Amino acid sequence: MTAARVNITLDEGAPYVLGLTYKAGPQQQPVDLTGCGVLFEVRGSLPGPVLLALDDQSGDVAIDALAGKFRVTVPVLAISALPIKAFYRCDLLLPGAIHRPLLRGVLAVNQWG
């Protein structure tokens, strides 16, 4: 599965919330995410070191497994530490340590929020 390419802009001084419903099949029904996790990473360059990593273990990602929904919250302090332009990825972590890429793109920080 190829990740969707979506560029996002975060405003400095405000948290950023990314909410998604994971759907599949011809009817695009929500997928039960029981046993799954979510990983959101930001890098300054590709390839490059991870500047920010958020997941359901850190408390910055909330998962409503039965509804197939998750919400990533990028805290204000984390945003203020990011460069103006970076790259992000958001992966679904399936049982068995399988990463399913969901989103990728450029992450811009609007310093004038």
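See the structure printed just above.
Numbering of residues starts from 1 in every chain and runs along the sequence as written. Local features in this predicted model are restricted to residues of pLDDT 70 or higher, and side-chain atom pairs are both shown and tallied only at a pLDDT of 80 or more, whereas totals for entire chains, interfaces and linings draw on every residue. Side-chain measures here rest on the full set of heavy atoms in the structure, leaving out hydrogens and waters.

Caption draft 1: Representation of the environment of C36 in the model. Tracing the sequence through the fold places C36 in the loop between β5 (29-30) and β6 (37-43). In sequence terms C36 and I63 are 27 residues apart; their C-alpha atoms lie 8.8 Å from each other. In this description a helix means any DSSP run of H or I spanning at least four residues, a strand means any run of E spanning at least two, and both kinds are numbered starting from the N terminus.

Caption draft 2: Spotlight on unusual backbone geometry. Between L46 and P47 the backbone carries a cis peptide bond, its omega angle lying at -10°. Within the secondary structure, P47 is located in the loop between β6 and β7 (50-55). One non-glycine residue with positive phi stands out, namely Q28, at about 50°. As for its placement among the helices and strands, Q28 is situated in the loop between β4 (23-24) and β5. Judged by its relative accessible area of 44%, Q28 is partly exposed. Of note in this structure, A97 is not a glycine but carries a positive phi near 60°. Burial here depends on accessible area, computed with a 1.4 Å probe over protein chains only, as a share of the maximum for the residue type. Under 20% is buried, over 50% is exposed, and the range in between is partly exposed.

Caption draft 3: Highlighting the pairing of β7. Two strands make a pair as long as DSSP finds a minimum of two bridges between them. In this structure, β6 lies alongside β7, joined through five bridges in antiparallel fashion. Residue pairing across strands places L39 opposite D55, the latter belonging to β7. The hairpin turn running from β6 into β7, its antiparallel successor, is six residues long.

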